[in-house]
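Secondary and tertiary structure notes
One letter stands for each residue in the lines below.
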Amino acid sequence: MPDSENPATPVTFPPAFVWGAATSAYQIEGAVREDGRTPSIWDTFSHTPGKTVGGDHGDIAVDHYHRYREDVAMMADLGLGAYRFSVSWSRVQPTGRGPAVQKGLDFYRRLVDELLSKGIKPAVTLYHWDLPQELEDAGGWPERDTAYRFAEYAQIVGEALGDRAEQWMTLNEPWCSAFLGYASGVHAPGRTDPAASLRAAHHLNLAHGLGASALRSVMPARNQVAIALNSATVRPLSQNPADLAAARKIDDLANGVFHGPILHGAYPESLYAATSDLTDWDYVLDGDLTLINQPLDALGLNYYTPALVSAADAAARAPRADGHGASDHSPWPAAGDVAFHQTPGDRTEMGWTIDPTGLHELIMRYTREAPGLPLYITENGAAYDDKIDSDGRVHDPERVSYLHGHLSAVRRAITDGADVRGYFLWSLLDNFEWAYGYGKRFGAVYVDYATLQRTPKSSALWYGKAARTGALPPLEPAA
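Report on the accompanying structure. (Residues numbered from 1 in each chain as written. Predicted model: local features only at pLDDT ≥ 70, side-chain atom pairs only at ≥ 80, totals over all residues. Heavy atoms only, no water.)

1. Remarks on the overall build of the chain
A tally of regular secondary structure across the chain gives 15 helices and 13 strands. Relative to a compact globule of 479 residues, whose C-alpha radius of gyration would be 23 Å, the chain shows 21 Å and is just as compact. When the backbone C-alpha atoms are referred to their principal axes, the chain occupies close to 60 × 55 × 45 Å. Once local pairs closer than 6 in sequence are excluded, the contacts in the chain between residues at least 24 apart make up 78%. Per element, the accessible surface of the chain, about 17,700 Å² overall, is 52% carbon and sulfur. One way to put it: in the chain the 40 positive side-chain charges average out to a point 4 Å from where the 59 negative ones average out. (Helix = DSSP H or I, 4+ residues; strand = E, 2+ residues; numbered from the N terminus. Rg over C-alpha atoms; globule rule 2.2 N^0.38 Å. Contact = heavy atoms within 4.5 Å. Areas by Shrake-Rupley, 256 points an atom, 1.4 Å probe, with all protein chains shown as cover. Lys, Arg positive; Asp, Glu negative; His and termini not counted. Charge placed at Lys NZ, Arg CZ, Asp CG, Glu CD.)

This is the structure:
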């Protein structure tokens, strides 16, 4: 069995294991006013004073819209086998309704063709948080109609790309869309209405189900339809009943609210009970749970750090240490009686604890939760304060160590019986990190934001070697 605690132990992966990297449209594309694209909620949010660090926005981002060939060539040079990207809804369907803008679709056609010409498998995510502003103006995700608009959009993109792209994800991290967007307000559209966030969660689930059906109606049967969830590894501070109850509540709000209906066709009864003061869930209509509970071909899991919770001490008011941004409003509806704690250990630039055991635990949970369903790690990575050396190189041994630890945890899970088919590093490129602006660098490739020059970091070279050989290169000895 591979040992992630001993970097000298060889860690090898199955021959068919997919080695990829991931990005999202608003974070990298730029070109926000070109070829018919109209504003998304992230255009509006990022241009609202005080919403992002330094007033940063994605108007140019890293200009992937114009530099995609360069970026694909770089992926090929590194040896990546797959690239997970998201489609900008407002680039394809500017009002969120009606016919597609062909120039917008043509960009993604060109991107997919370029990837295939280099032997790189495209993995398409339909929604990575950038709702067309017109749909938000009509009520956004708390409105049921948004789910039906998403299904229409899914069909458009599926028809355009489904003959060449075989791996599809409906939504990325619907938890963030619902609860950071509509409860805490630290993400677009910046609303702070906990009851609306629960409605949003249900309609995102409905969008997934309708979107999955729409994709299957227009794509070859060989194509794989999945969703990428940022399911949390939730741990209680102690085994006392109050702390265990706190962990159950957060597990329902982080995980059960999505995997319950998506995998099992039902919301947890404990979720209904915990949120009964906020909502009676009357927006869950007859037939919704069947629509949501579509068969999946795979499940994507995004993981960064575990959560540690306890029952709150009413006498001790401390900042909420859940790693999801600073706000006077919680992203956890009806969970004011729960306290979040910093887990021990080394941290990334985001302040997130580095704990590969949480990834192993998450994989094994979903191996039990959905037996027989292939898993992909669709995001995993770390932000560090990377700098270019005087010789023009970017040396990031901390990220290499992070990747080695988490990939070793993936391999350990495979040894323990998990069917993990691939891993997508977050992220290919330094980019616009949402409300944090350009101050947090997650990329394996360094981007000089003044010149937009790309420089692969040592972690990119390390990961590329892993992708080419199917084995983790050894770590450099500590200085």
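Now that the structure has been shown, we can carry on.
2. A closer look at the pattern of salt bridges
Within this structure, the stated rule accounts for 31 salt bridges. Measuring nitrogen to oxygen at the nearest pair gives 2.6 Å for the salt bridge that ties Arg 365 to Asp 251. Taken as a pair, Arg 365 in helix H13 (residues 356–369) and Asp 251 in helix H10 (residues 241–264) lie far apart in primary sequence, 114 residues in all. Here the residues in one salt-bridge network are Asp 386, Asp 396, Arg 399, Asp 430, Arg 441 and Lys 457, joined through shared partners. (Salt bridge = Lys/Arg side-chain N within 4 Å of Asp/Glu carboxyl O.)

3. Some thoughts on the nonpolar core
Soluble, globular proteins show a tendency: their nonpolar side chains are buried together. Residues Trp 141, Phe 150, Ile 363 and Val 410 are the most contacted members of the largest nonpolar core, which totals 154 residues. In terms of residues, this core owes the most to one element, helix H9 (residues 194–218), which gives 10 residues. When residues no more than four places from it in sequence are discounted, the contact partners of Phe 150 are Trp 89, Leu 126, Tyr 127, Trp 141, Thr 170, Leu 171, Ala 207 and Gly 211. (Core = buried A, V, L, I, M, F, W, Y, C linked by side-chain atoms within 4.5 Å. Buried < 20%, exposed > 50% of the residue type's maximum accessible area, 1.4 Å probe, protein only.)

4. Comments concerning the sheet that holds strand S4 (residues 167–172)
Taken together, the 8 strands give a closed barrel; going around it, the order is S1-S2-S3-S4-S5-S7-S10-S11, and neighbouring strands pair in parallel fashion. The sheet shows a mean angle of 25° between the axes of neighbouring strands, direction not considered. Of the pairings in the sheet, the one linking strand S7 (residues 299–302) to strand S10 (residues 375–379) comprises 4 bridges and is parallel in character. Its bridge partner being in S10, Asn 302 is matched across the sheet by Glu 379. Running at roughly 170° to strand S2 (residues 82–86), helix H5 (residues 102–117) makes contact with S2 and strand S3 (121–127) of the sheet. (Pairing = 2+ DSSP bridges. Axes fitted to C-alpha atoms, helices over the stretch in contact; angles between N-to-C directions.)

5. A few points about the environment of Arg 91
Here Arg 91 shows up in helix H4 (residues 89–92). Residues Arg 91 and Glu 34, spaced 57 residues apart in sequence, show a C-alpha to C-alpha distance of 8.5 Å. With residues up to four places along the chain from it excluded, the contact list for Arg 91 reads Glu 29, Gly 30, Ala 31, Glu 34, Arg 37, Tyr 65, Val 101, Gly 104 and Tyr 108. A polar contact is formed between the side chain of Arg 91 and the backbone oxygen of Ala 31, at a distance of 3.3 Å. (Polar contact = N/O pair within 3.5 Å; in protein donor to acceptor, adjacent residues only side chain to side chain.)

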